[in-house]
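Spelled out, the chains give:
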Amino acid sequence: MIKRLIDWLKQPLGLIAVGIALLAVFSFAAYGISLTQQPPEQPVQFPHQTHVAFGIQCLYCHPGAAKGPAAGIPSQAKCWACHNQIAKTETSLLLAPLKQAVLSGQPLEWVPVAQVPDFVQFNHRAHVAAGQNCENCHGDMSKVTIAENPQVFNMGFCLDCHKQVAGDDHEKLVKLVDCGTCHY
Ligand code: HEC
Ligand code: HEC
Ligand code: HEC
Ligand code: HEC
Ligand code: HEC
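Let me sum up the structure you'll find in this document.

The rules behind these values
- Residues numbered from 1 in each chain as written.
- Chains lettered and ligands numbered in written order.
- Predicted model: local features only at pLDDT ≥ 70, side-chain atom pairs only at ≥ 80, totals over all residues.
- Heavy atoms only, no water.
- Near = heavy atom within 4 Å.
- Polar contact = N/O pair within 3.5 Å; in protein donor to acceptor, adjacent residues only side chain to side chain.
- Helix = DSSP H or I, 4+ residues; strand = E, 2+ residues; numbered from the N terminus.
- Nonpolar A, V, L, I, M, F, W, Y, C, P; charged D, E, K, R; others polar.
- Donors = N, O, S within 2.8 Å, 3.2 Å for Na, K, Ca; no water.
- Tetrahedral: all angles 85-135°; square planar, octahedral: opposite > 155°, others 65-115°.

Side note on the site of ligand 2
And step 1. Near ligand 2, the surroundings consist of 19 residues, among which H51, C79, C82, H83 and S92 are the closest.
And step 2. The contact in question runs from a nitrogen atom of ligand 2 to an N or O atom on the side chain of H51, over 2.7 Å.
And step 3. In this structure, an oxygen atom belonging to ligand 2 sits 2.6 Å away from a side-chain N or O atom of S92.
And step 4. If one sorts the elements of the shell around ligand 2 by residue count, helix α6 (residues 76-83) sits on top with four residues.
And step 5. Among the residues making up the shell around ligand 2, the classes are represented as twelve nonpolar, five polar and two charged.

Here it is in structure tokens:
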């Protein structure tokens, strides 16, 4: 049986069939990646990796993550507090849009990438307070230029971790997988 299959696969038609199957798999994978991992067009090509490498904490720019539901994106005033003291800001083409926004008072319009739909309740504070790292959900931002969402925040993503966190604690499990915990 297997021998016959292999013989068939060796024929031209068999090879074409294998080729088409492989192409389909790869193009679906590429499509999936393009849907989830394409960084959007942003007003400034903000390099996370440069800032994180300088030792600037995630929570310095996204303090909301420790305090409430949304992490927040820093205001241009916060960017400017550093950048008006950095020589490179005068000449950098990458920083020209920031400078212009500050001079004109026109806020930068960042495009969100990490999002759940409105009918899902997510709160950063509960997760950060429980000791979850940013990286667990957002991937390693110290290697990223423009933020892209490495995770698809679907229901399975949330539930997998919730089940793991609850472990043998039945009461906790019931609470963390209860529909009303995330949808209300
Ligand atoms: C100097 C300020 C700064 C620091 C430090 C910083 N970020 Fe950001 N972050 C930004 C800005 C500006 C954006 C919006 C641009 C973008 O999406 O790339 C952003 C976007 C993001 C996003 C995508 C949000 C969205 O949906 O638009 C995530 C997730 C994120 N940051 C996580 C982190 C993590 C985790 C760290 C620490 C490892 C970190 N950031 C450090 C400024 C900063
Ligand atoms: C705590 C200080 C600090 C804050 C806050 C900060 N930056 Fe920076 N940023 C830096 C430093 C330091 C560099 C590296 C400068 C160098 O290479 O000489 C840099 C580099 C950059 C670059 C790359 C410039 C180039 O030509 O390579 C961009 C773009 C940039 N920052 C945008 C922003 C934006 C937008 C914000 C606000 C969301 C921001 N920065 C907030 C310190 C900061
Ligand atoms: C348990 C998973 C999880 C952890 C841990 C986590 N995040 Fe998030 N983050 C999310 C989800 C889910 C969203 C989308 C929230 C929404 O659409 O309301 C998000 C959205 C964001 C955003 C963009 C929208 C906003 O303002 O909330 C930023 C910026 C961000 N996170 C930064 C961080 C930082 C910094 C940390 C660490 C201090 C962190 N996150 C920890 C899951 C997480
Ligand atoms: C990497 C692990 C992890 C992921 C992923 C995760 N969570 Fe959680 N979540 C936790 C932990 C830990 C707690 C706190 C459990 C406890 O009470 O000790 C928690 C608690 C919660 C709570 C209860 C908060 C409260 O106020 O008590 C909600 C709501 C919640 N998560 C929603 C979500 C949603 C929505 C997602 C997906 C977008 C998600 N979580 C993804 C680990 C995770
Ligand atoms: C830990 C958080 C969490 C819990 C608990 C949870 N959900 Fe969800 N749910 C989500 C997230 C996140 C999405 C968004 C999915 C997406 O964007 O793909 C979602 C989406 C949905 C949707 C929309 C269809 C879909 O799959 O996208 C339905 C319906 C739904 N949930 C029903 C339920 C029911 C019923 C329960 C209880 C058995 C439940 N959820 C428990 C987080 C949760």
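Examining the coordination of the iron atom of ligand 2
And step 1. Those protein atoms acting as donors to the iron atom of ligand 2 are H51 (NE2) and H83 (NE2), and they sit at 1.9 Å.
And step 2. One can describe the site at the iron atom of ligand 2 as octahedral: its six donor atoms subtend angles covering 86 to 180° at the metal. Pair noted here: H51 is in helix α3 (residues 48-53) and H83 is in helix α6, with a separation of 32 residues, a long-range link.

Treat this as a map of the structure, not an account of what it does.
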